[in-house]
2 protein chains.
Amino acid sequence: MDVRTVCLGILSRGSATGYEIQKAMKEGWPSLFFEASYGSIYPALAKLTDEGLVTCREETEVGRPDRKVYSITPEGDQAFSQSLLKPLTPDRYRSDFLAMIYFSDSLPPALLQKYLDDRIREHQSELQLIDELSEGDQTPGEAFLMEWGRRINQLCIEFIADNRDVLEDGVVVQQAEAAE
Amino acid sequence: MDVRTVCLGILSRGSATGYEIQKAMKEGWPSLFFEASYGSIYPALAKLTDEGLVTCREETEVGRPDRKVYSITPEGDQAFSQSLLKPLTPDRYRSDFLAMIYFSDSLPPALLQKYLDDRIREHQSELQLIDELSEGDQTPGEAFLMEWGRRINQLCIEFIADNRDVLEDGVVVQQAEAAE
DNA sequence: GCTTCCATGTAATAGGTTACATGATTTG
DNA sequence: CAAATCATGTAACCTATTACATGGAAGC
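As a convention, each chain's residues are numbered from 1 in the sequence order in which they are written. Whichever chain is written first is A, and whichever ligand is written first is 1; the rest continue in order. Where local features are concerned, this predicted model is filtered to residues with pLDDT of at least 70; where side-chain atom pairs are given and counted, the filter is 80 or more; whole-chain, interface and lining totals use all residues. Only hydrogens and water are set aside; all other atoms, that is, all heavy atoms of the structure, feed into the side-chain values.

S.K.: I'd like a description of the protein's contact with DNA strand C, backed by residues and values.
M.R.: Being near a molecule or strand, for a residue, means having at least one of its heavy atoms within 4 Å of it. Around DNA strand C, 22 residues are found, and the nearest of them are Tyr19(A), Arg67(A), Lys68(A), Arg94(A) and Ser37(B). Residue Tyr42(A) places a side-chain N or O atom 2.9 Å away from a phosphate oxygen belonging to DNA strand C. For DNA strand C, a phosphate oxygen lies 3.4 Å from a polar atom in the backbone of Val3(B). Broken down by secondary-structure element, the contributors of at least two residues to the surface near DNA strand C are α2 (18-27), α3 (38-50) and β2 (67-72) of chain A together with α3 (38-50) of chain B. By the convention adopted, Pro, Cys, Tyr, Trp, Phe, Met, Ile, Leu, Val and Ala count as nonpolar, Lys, Arg, Asp and Glu as charged, and the other residues, Gly among them, as polar. Within the surface near DNA strand C, the residues separate by chemical class into six nonpolar, seven polar and nine charged. Two N or O atoms count as a polar contact when they lie within 3.5 Å, although within protein this holds only if one can serve as hydrogen donor and the other as acceptor, and sequence-adjacent residues are included solely when both atoms are side-chain atoms. Secondary structure elements follow DSSP: runs of H or I no shorter than four residues count as helices, runs of E no shorter than two count as strands, and numbering proceeds from the N terminus.

S.K.: Residue-level account of the interface of chain B and chain A, with values.
M.R.: One frequently used descriptor of interface size is the decrease in accessible area upon assembly of the parts. Contacts were defined at the residue level, with two residues in contact if any of their heavy atoms lie within 4.5 Å. The interface of chain B with chain A comprises 70 residues on the first partner and 69 residues on the second. Counting the surface lost from both chain B and chain A, the interface buries some 7000 Å², and carbon and sulfur atoms represent 65% of this. Looking at the side of chain B facing chain A, the largest losses of area belong to Arg94(B), Tyr102(B) and Phe144(B), adding up to 12% of the total buried there. Between Asp105(B) and Arg13(A) there is a salt bridge, and its shortest N-O distance comes to 2.7 Å. Linking chain B with chain A are 24 residue pairs in polar contact (both at pLDDT 80 or more). Broken down by secondary-structure element, the contributors of at least two residues to the side of chain B that touches chain A are α1 (3-11), α4 (74-83), β3 (92-94), α5 (96-102), α6 (109-133) and α7 (140-168) of chain B. Tallying contributions element by element places α7(B) first for the side of chain B that touches chain A, with 18 residues. Counted by class, the side of chain B that touches chain A contains 39 nonpolar, 16 polar and 15 charged residues. A pair of strands counts as paired when DSSP detects no fewer than two bridges linking them. Judged from the three bridges that link them, strand β3 (residues 92-94) of chain A and β3(B) form a sheet pairing that is antiparallel. Bridge pairing in β3(B) places Arg94(A) opposite Arg92(B). Throughout, buried area stands for the accessible area (probe radius 1.4 Å) lost by two parts on being put together, summed over both. The working definition used for a salt bridge is a side-chain nitrogen of Lys or Arg within 4 Å of a carboxyl oxygen of Asp or Glu.

S.K.: Describe the domain arrangement of chain A, with residues and values.
M.R.: Residues and elements named next belong to chain A. For chain A, the assigned domains are domain 1 (3-83) and domain 2 (96-168). As annotated, the domain borders come from an automatic or database domain assignment. A straight line from the C-alpha centre of domain 1 to that of domain 2 covers 30 Å. Counting residues at the interface gives seven residues for domain 1, matched by eight residues for domain 2. Of the roughly 710 Å² buried at the junction of domain 1 and domain 2 (both faces included), carbon and sulfur atoms supply 75%. It is Glu27, Trp29 and Leu32 in domain 1 that bury the most area against domain 2; as a group they hold 79% of the surface buried on that side. Counting the contacts that link domain 1 with domain 2 gives zero salt bridges. Between domain 1 and domain 2 we count zero residue pairs in polar contact (both at pLDDT 80 or more) in total. Here the side of domain 1 that touches domain 2 is composed, by residue class, of three nonpolar, two polar and two charged.

S.K.: Now, about the protein's contact with DNA strand D: what can you tell me, with residues and values included?
M.R.: In the neighbourhood of DNA strand D, 22 residues make up the surrounding shell, with Ser37(A), Tyr19(B), Tyr42(B), Lys68(B) and Arg94(B) lying closest. Arg67(B) places a side-chain nitrogen or oxygen 3.0 Å from a phosphate oxygen of DNA strand D. Contributions of two or more residues to the surface near DNA strand D are made by α3 of chain A together with α2 (18-27), α3 and β2 (67-72) of chain B. When its residues are assigned to classes, the surface near DNA strand D shows six nonpolar, seven polar and nine charged.

S.K.: Quick rundown of the environment of Ser15(A)? Include the residues and the values.
M.R.: All names here are of chain A. Along the chain, Ser15 falls in the loop between α1 (3-11) and α2. A residue is classified by how much of its surface remains accessible, and Ser15, at 46% relative accessible area, is partly exposed. For Ser15, the side chain forms a polar contact with the side chain of Ser71, separated by 2.7 Å. Under the scheme applied here, a residue whose accessible area is under 20% of the maximum for its type counts as buried, over 50% as exposed, and between as partly exposed, the area being computed with a 1.4 Å probe on protein chains only.

S.K.: Lay out α3(B) in plain terms, naming residues and giving numbers.
M.R.: Any helix carries an expected span of 1.5 Å times its number of residues minus one. Here α3(B) spans 18 Å end to end across 13 residues, near enough to the 18 Å set by a 1.5 Å rise per residue. A positive backbone phi angle near 80° is found at Gly52(B), which sits one or two residues after α3(B).

Spelled out as structure tokens, the structure:
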């Protein structure tokens, strides 16, 4: 699922500007599964407009660029529904944090501690974000994502707290050999 | 952390061919935080060799391309250690699955069910992979990643099983309004 | 007075994937 | 007998990021 499709999906929930779409990907529910910068969102919206999948209503503004409110068209709705029928591509996950864990024996212990502390704080921020998003009514998808996000972040915080000594003490774990 | 750096990190654990590095990113511990295709790995190794961060020993093979075994140099070791000192970039996560959840009200119910079933199977496969990787001795980093992977995947399986009815019944969740 | 928010967009660049090219050996 | 495994590499392509360009209004 590329920027194009996610923009279309967000617009299927209601009209928005490019700026608002980016905000949704950064601080809204979509931030839990996607992110993109202006440099990809604006061209995507321009292309979707060319193809007739969205329309654009311009509102003249003073002192800043005209506000362009994009709305999905019936063709856009159909295109989006069809894109959901295509097989899902595998999740793409890339984590400097987990890489750092894997290579943590090449790391100064003080830095390892800092990275772990930082990480806990990041998970706490995300829990707070989810709390803020959770105010008001929710679609089933939002309710599911909310609890999902809570559980995952809680688990991560708890897990780091409970298991950081394995990394910090640098003990090599040996497999119990019951077979001998 | 780009392909270049992860290749270097993997080579810091022992010599390997490009093929083996790709396998590690696909089926080894590194698969938990990184993935890359040959098209990026081979050029990265060539460049690292040019820069003197790795060396390459060629073993003549019959019926297939020469096997090129890469080994990290002292300069490479140092370069890798230093790259771990640079601030970690935020995790990058992109999930068609969670996007599908978010937009699940635009989805035929039968397809939603299939996606959820498939997802549970994927998490089970990953648990199995982790079990296979867990045989033998482990570094602290590996032990941490092992348990991390187990817990996350177990949580996901359990969570989907427990909460899928929220999506499948399509009930709109309303916030309890205690303040009124 | 500084920072953040609003608001759009482009150009250069980075970083990667996909498909292609080749082909023997082992496993089911 | 087909498929997977081993094994390397390139070229075309795609997608997205980063940095730049612009600037007023509102909040702290």
